[in-house]
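Observations on the model geometry
Now for the letters of each chain:
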Amino acid sequence: MTTQIIPGFCRCCPAACSILATVENGKAIKVTGDPDSPMFKGYTCAKGRALPEMHNDENRLLHCLKNDGNGNFVPIASQTAVAEIAAKLQDIIDRHGPRAVASYWGTGSVSCATGIYMLGAWSQAIKSPMVFTASAIDKPGANIALALHGNWVAGAQSFESSDTWIIVGANPIISRTSSVPSNNPGQEIKNALKRGMQLTVIDPRRTETAKRAQLHLQARAGEDPTLLAGILHILIEEDLCDAAFIRENVQGFDTLKDALASFTPDYVAARCGIAKKDLLKAARTFGNGKRGMVVCATGPSFSTHSNLTFYLALSINTLCGRWARAGDVATYPNALLPAYTPKAQPYAPYSAFGEVALRVNGLRQNASGMPTAALADEILLEGEGQVKALLCVGGNPLQAWPDQARTLAAMKKLDLLVAFDYQMSETARYADYIIAPPLSLEYPGTTQFIESIKYIGVSRGFEGAWAQYSPAAVAPPEGADVMDEREFFFRLAQEMGLQLEWTNFFGAGPHLEAPLEKLPLDMTSLPSTDDLLEIQCRNARIPLAEVKAHPHGLLRSDDVPRVQPRDADCDAFLQLADPLMMAELQQVLNEEHRRSQSNEKFPFTLLCRRDNNFMNSFGQRHRSLSRGRNFNPLGVNSADMEKLGVRDGGMVTVCSRHGEIRAIAEADDSLPPGTVSLSHGFGNAENDGDPREVGSPVTRLIGLDEYDPISGIPRMSALPVAIAAAGT
Ligand SMILES: Nc1nc2c(c(=O)[nH]1)N[C@H]1C(S)=C(S)[C@@H](COP(=O)(O)OP(=O)(O)OC[C@H]3O[C@@H](n4cnc5c(=O)[nH]c(N)nc54)[C@H](O)[C@@H]3O)O[C@H]1N2
Ligand SMILES: Nc1nc2c(c(=O)[nH]1)N[C@H]1C(S)=C(S)[C@@H](COP(=O)(O)OP(=O)(O)OC[C@H]3O[C@@H](n4cnc5c(=O)[nH]c(N)nc54)[C@H](O)[C@@H]3O)O[C@H]1N2
Ligand code: SF4
Ligand SMILES: [Mo]
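The structure displayed is predicted, hence computed values, not measured ones.

**Remarks on the overall build of the protein chain**
A tally of regular secondary structure across the protein chain gives 26 helices and 32 strands. Expected size for 728 residues packed as a compact globule is a radius of gyration near 27 Å; at 25 Å, the protein chain falls within 12% of this value. Taken over 728 residues, the protein chain has a buried fraction of 63%. Looking at the protein chain alone, contacts between residues at least 24 apart form 76% of all its contacts between residues at least 6 apart. Positive and negative charge centroids in the protein chain, built from 68 and 80 side chains respectively, lie 4 Å apart.

Right under this line is the structure:
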């Protein structure tokens, strides 16, 4: 028997924790945190430690499958699948044009960064602009607000160096990848509090993160723009702004100030359902601090007005001058991305709108990408430009896209649905072909893609020059015929006679640091993953070879660029009073009447949340993660349970304007009365089973009638619902 311990990193979520895989006779039997990783110091979560179970799962798809037309799947050789799919796609393109072919990359695609680039290159080669990602139903407001506000060339101030921090609607202790550094967020928060950081959390639920903060504003869901406008109002009234910074870098101050006039502390506190003294304390603590950011995550992103919420958060940071200053060490110094010069100066606002128009809802490409929430309608709406084929890579629309009924109709309507998944996901069931991929321990990867997440919003990714290379720890199981996305899209291009150009589209863009580069690939032979990683990292600030020489990861604390002073000729400003945002702020004021009317039909408010042991819709089938509890409970305050006459673990119906589901209620006093919460990623699209066995599909409760005019994201949290006991 041979046993090896192979260092690498986990690719189940963008935290990318360093791991040690124990491999016995070619099989992964154990994954633990890597104590020798200078960044993660042994930290992992249960999902990462379940990687062997995921790889060795008896239900894992080890062969590609073809739907025989009656819902039965028969194995098909991967090369044959590629050839058949190529012929079908070519036929669709010939008859309807390239726009009829869309792709969607979900969170599972992140494991295979070379695949994402190859899919990008293939989409460009067929000239289809219809490339959609999960980002547009995650935090689209982060990128849209940056476009309207402008960015800061040197980036955010680091968590590490800050003495104040405000988290709006994130729970990093469970989600691990938002709002504070991802390398053991619980420990990062603990260390920060020890250093004296004043942490404020704005969340309707008393989350694991809120419990650790000095101040928790348990505000009403959906009132984040009001609350942040209130904080801005106080900062201006009490002169807690950085006047010098504003003079040099900011436009629109007076317009913003006028627009905030009605957001007085009394008004805001009453409307948000918080104590006025707590609101004042939050604003004063932040304003009197020296460094630190306001950061927003999925809570406000899903609760309407998300662009505005993200915009107001940026405005608070700007009013207080909370951007990296000349002489600071760069917060997000590139490692495997190309070198750049961080400068203490604004990057002027740019258009939030892209060129490609959709046919539905007046939506178009925007700073967050294509509006994924509208893709089901693009598939359903007949006529020129209709999407006929969908390549769904590591995504699960039936458990993630809003309006499950509409998504289901769309999946059924497609002429061709290809799902890339290692398991029979709810969406894969409706596919014409399923491409079975190798899993992350079976092929190499680097942290470069994760590094690029810093471009989504202002305060994400690795703080520090950190990089790791993960070799293949094991080969795919014997007899498997799996194909990764890199190989699939290369072979698809070969079959279709296309020339692919490798493009470094991550790390390039209006406010990003590296110029866009294109590199034609030799189409006669399939490049290996390692070949492509070399191409991807060819301009890396820290050479890939050097990173590879550090199997536990390389943290170059000694080699971090300092922020340079602004250019003498810099004439860019940050914008506090974008007209679209000012109009939306006014709209928020006008909505108050509607919101405050008690809603007799739907008296409860439903919140989003994350499950500690599952990553969206995956992990549920692994016993070490589910521990026999294979559902998503509906959290309900115990006083509400009593009023409803529901016992802990009892069945309830949850009903919104759009649909009805059954769920298992569990007492949860981290929620205030009248507020319930349910994670997504569960439940069938048809033929509901027992919610105790399959969970409850929250996406069925979400409609598409109330959507953001730029990103198209609909209300997915702060959702009015009715709850009733359902007997068993
Ligand atoms: N109601 C509601 N809706 C939501 C959310 C919410 O909180 N509430 N959250 C939103 C957010 S933030 C997001 S990001 C989206 C997520 O939307 P999606 O990304 O579409 O959904 P996931 O459930 O993450 O799907 C990931 C899929 O990838 C597969 N997979 C896992 N690993 C691999 C791999 O290595 N290779 C391949 N090929 N496949 C793999 C999994 O089996 C799974 O089927 O959902 C959004 N929708
Ligand atoms: N364990 C685990 N980790 C994950 C995932 C997972 O499924 N499980 N998913 C991954 C993905 S795809 C993502 S995008 C990230 C998400 O990471 P986060 O954005 O941190 O997601 P949550 O932990 O759900 O935190 C969102 C919080 O917003 C609150 N909230 C809901 N509505 C509102 C509102 O209107 N206003 C305010 N202020 N708060 C509100 C909720 O109560 C919740 O505590 O997590 C990633 N990490
Ligand atoms: S937090 Fe968990 S799932 Fe995410 S990378 Fe780390 S070990 Fe993997
Ligand atoms: Mo997400």
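**Some points on the side chain of serine 182**
With respect to the element layout, serine 182 can be found in the loop between α6 (172-175) and α7 (185-195). Serine 182 has contacts with Ala15, Phe40, Arg176 and Thr177, leaving out every residue within four places of it along the chain.

**With respect to the site of ligand 2**
Around ligand 2 sit 34 residues, and of these Asp203, Asp224, Thr298, Ser303 and Phe614 come closest. One of the side-chain nitrogen or oxygen atoms of serine 303 is found 2.7 Å away from an oxygen atom of ligand 2. With respect to ligand 2, the backbone of asparagine 616 contributes an N or O atom lying 2.8 Å from an oxygen atom. Relative to its unbound accessible surface of 920 Å², ligand 2 loses 97% to contact with the protein. Those elements giving two or more residues to the shell around ligand 2 turn out to be α6 and α14 (298-302). Each residue belonging to the shell around ligand 2 can be placed in one class, and the counts come to 11 nonpolar, 13 polar and 10 charged. Of the domains in this structure, domain 2 (157-322 + 573-586) and domain 3 (594-725) are the two that each give at least three residues to the shell around ligand 2.

**Focus on the site of ligand 3**
Every residue close to ligand 3 is listed here: Cys10, Cys12, Cys13, Ala15, Ala16, Cys17, Thr44, Cys45, Lys47, Gly48 and Arg176. Across the shell around ligand 3, the residue classes break down as 7 nonpolar, 2 polar and 2 charged.

**Concerning the packing of helix α4 (residues 113-126) against helix α21 (residues 529-536)**
At a minimum axis distance of 10 Å, the contact between α4 and α21 shows a crossing angle of 75°. Viewed along their axes, α4 and α21 adopt a mutual orientation that is roughly perpendicular. Of α21, the residues touching α4 (which contributes Ala113, Thr114, Tyr117 and Met118) are Thr529, Leu532, Leu533 and Gln536. Across the contact of α4 with α21, the residue classes break down as 5 nonpolar, 3 polar and no charged.

**Digging into the packing of aromatic side chains**
Going through the model one piece at a time under the given rule, you end up with 12 aromatic pairs. Seen in terms of ring centroids, tyrosine 347 and tyrosine 350 are 6.0 Å apart; in terms of plane orientation they differ by 80°. Their pairing is edge-to-face. Residue class for tyrosine 350 comes out buried when judged on its relative accessible area of 17%. Ring centres of phenylalanine 614 and phenylalanine 682 lie 5.7 Å apart, and the angle between their planes is 65°; on these two criteria the pair is classed as edge-to-face. Of this pair, phenylalanine 614 sits in the loop between β27 (604-607) and α24 (623-626) while phenylalanine 682 sits in the loop between β31 (675-677) and α26 (691-694), placing them 68 residues apart in sequence. For phenylalanine 614, a relative accessible area of 7% puts it in the buried group. Ring-pair connections join several aromatic residues into one group, and the members of that group are Trp122, Phe420, Phe488 and Phe489. When the ring centre of phenylalanine 286 is taken as origin, the NZ or CZ atom of arginine 322, which lies over that ring, is 4.3 Å away. The side chain of lysine 548 reaches across the aromatic face of tyrosine 469, ending 4.7 Å from its centre.

**Let's talk about empty space enclosed by the protein**
Under the definition given, this model contains 13 cavities of 30 Å³ or more. Its boundaries defined by the atoms lining it, the largest cavity holds a volume of some 190 Å³. Around the largest cavity, the lining is made up of 18 residues, and of these Cys296, Phe310, Gly457, Val458 and Ser459 lie nearest the centre. Mapped by element, the contributors of at least two residues to the lining of the largest cavity are α5 (140-149), β13 (294-296) and α15 (306-319). With 4 residues, the single largest contributor to the lining of the largest cavity is α15. Split by residue class, the lining of the largest cavity holds 11 nonpolar, 5 polar and 2 charged.

**Notes on α7**
Structurally, the α-helix is built with 3.6 residues per turn, so residues lying three or four positions apart point the same way. All buried positions along α7 are accounted for by Pro185, Gly186, Glu188, Ile189 and Ala192. Taken end-on, α7 shows its buried residues confined to a sector of 165°, consistent with a single buried face. In α7, the exposed positions that point more than 90 degrees away from the buried face belong to Lys190 and Lys194. Count one or two residues on from α7 and you reach glycine 196, which has phi positive near 110°.

**Here's the deal with the environment of aspartate 484**
Here aspartate 484 is to be found in the loop between β22 (469-470) and α20 (485-496). As a C-alpha pair, aspartate 484 and tyrosine 443 span 41 residues in sequence and 9.0 Å in three-dimensional space. When residues no more than four places from it in sequence are discounted, the contact partners of aspartate 484 are Cys112, Pro438 and Thr529.

**Comments concerning the sheet that holds strand β18 (residues 416-420)**
In spatial order, the strands read β5-β4-β19-β18-β17-β6-β7; together these 7 strands make up an open sheet with mixed pairing. Each having just a single partner strand, β5 (73-76) and β7 (131-133) make up the two edges of the open sheet. Between one strand and the next, the sheet's axes are offset by a mean angle of 20°, whatever the strand orientation. Where strand β6 (residues 101-105) lies against β7, 3 bridges are found, and the strand directions are parallel. Bridging across to β7, tryptophan 105 finds its partner in threonine 133.

**Here's the deal with the pairing of strand β32 (residues 719-725)**
Here 3 bridges tie β27 to β32, and the two strands are oriented antiparallel to one another. Across the sheet, residue leucine 606 finds its bridge partner in β32, namely leucine 719. Pairing analysis gives 4 bridges linking strand β29 (residues 651-655) to β32, with the strands arranged antiparallel. Opposite valine 652, over in β32, you have alanine 725 as the bridge partner.

**Topic: the sheet that holds strand β9 (residues 164-168)**
One open sheet accounts for 4 strands, arranged β11-β10-β9-β13; its pairing is parallel. Single-partner strands in this sheet number two, and they are β11 (215-217) and β13. The mean angle between the axes of side-by-side strands here comes to 15°, regardless of whether they run parallel or antiparallel. The sheet contact formed by β9 and β13 spans 3 bridges and is parallel. What sits directly across from isoleucine 166, in β13, is valine 294. Sheet strands touched by helix α13 (residues 276-288): β9, β10 (198-202), β11 and β13. Its angle to β11, the strand with the most contacts, is close to 125°.

**Digging into the domain arrangement of the protein chain**
Partitioning the protein chain into structural domains gives domain 1 (65-134 + 351-435), domain 2 (157-322 + 573-586) and domain 3 (594-725). On a C-alpha basis, the centroid separation for the pair domain 2 and domain 3 is 27 Å. Between domain 2 and domain 3, the contact holds 21 residues from the first and 22 residues from the second. The largest per-residue losses of area from domain 2 upon contact with domain 3 belong to Arg205, Phe302 and Thr304, which jointly make up 37% of the total buried on that side. Sorting the residues of the side of domain 2 that touches domain 3 by element identifies α6, α14 and α15 as the ones contributing at least two each. Here the element with the most residues in the side of domain 2 that touches domain 3 is α14; it accounts for 4 residues. Among the residues making up the side of domain 2 that touches domain 3, the classes are represented as 5 nonpolar, 11 polar and 5 charged.

About the criteria used
- Residues numbered from 1 in each chain as written.
- Chains lettered and ligands numbered in written order.
- Predicted model: local features only at pLDDT ≥ 70, side-chain atom pairs only at ≥ 80, totals over all residues.
- Heavy atoms only, no water.
- Helix = DSSP H or I, 4+ residues; strand = E, 2+ residues; numbered from the N terminus.
- Rg over C-alpha atoms; globule rule 2.2 N^0.38 Å.
- Buried < 20%, exposed > 50% of the residue type's maximum accessible area, 1.4 Å probe, protein only.
- Contact = heavy atoms within 4.5 Å.
- Lys, Arg positive; Asp, Glu negative; His and termini not counted.
- Charge placed at Lys NZ, Arg CZ, Asp CG, Glu CD.
- Near = heavy atom within 4 Å.
- Polar contact = N/O pair within 3.5 Å; in protein donor to acceptor, adjacent residues only side chain to side chain.
- Areas by Shrake-Rupley, 256 points an atom, 1.4 Å probe, with all protein chains shown as cover.
- Nonpolar A, V, L, I, M, F, W, Y, C, P; charged D, E, K, R; others polar.
- Domains from an automatic or database assignment.
- Axes fitted to C-alpha atoms, helices over the stretch in contact; angles between N-to-C directions.
- Parallel < 35°, antiparallel > 145°, perpendicular 65-115°, else oblique.
- Phe/Tyr/Trp six-rings, centres within 6.5 Å; stacked < 30°, edge-to-face > 60°.
- Lys NZ or Arg CZ within 6 Å of the ring centre and 35° of its normal.
- 1 Å grid on protein atoms, 1.4 Å probe; cavity = no way out; pocket = protein on both sides within 12 Å on 5 of 7 lines; lining within 4 Å.
- Points joined across faces, edges and corners; volume = space filled by probe spheres on them.
- Arc of directions from axis to C-beta.
- Pairing = 2+ DSSP bridges.
- Buried area = accessible area lost by both parts, 1.4 Å probe.

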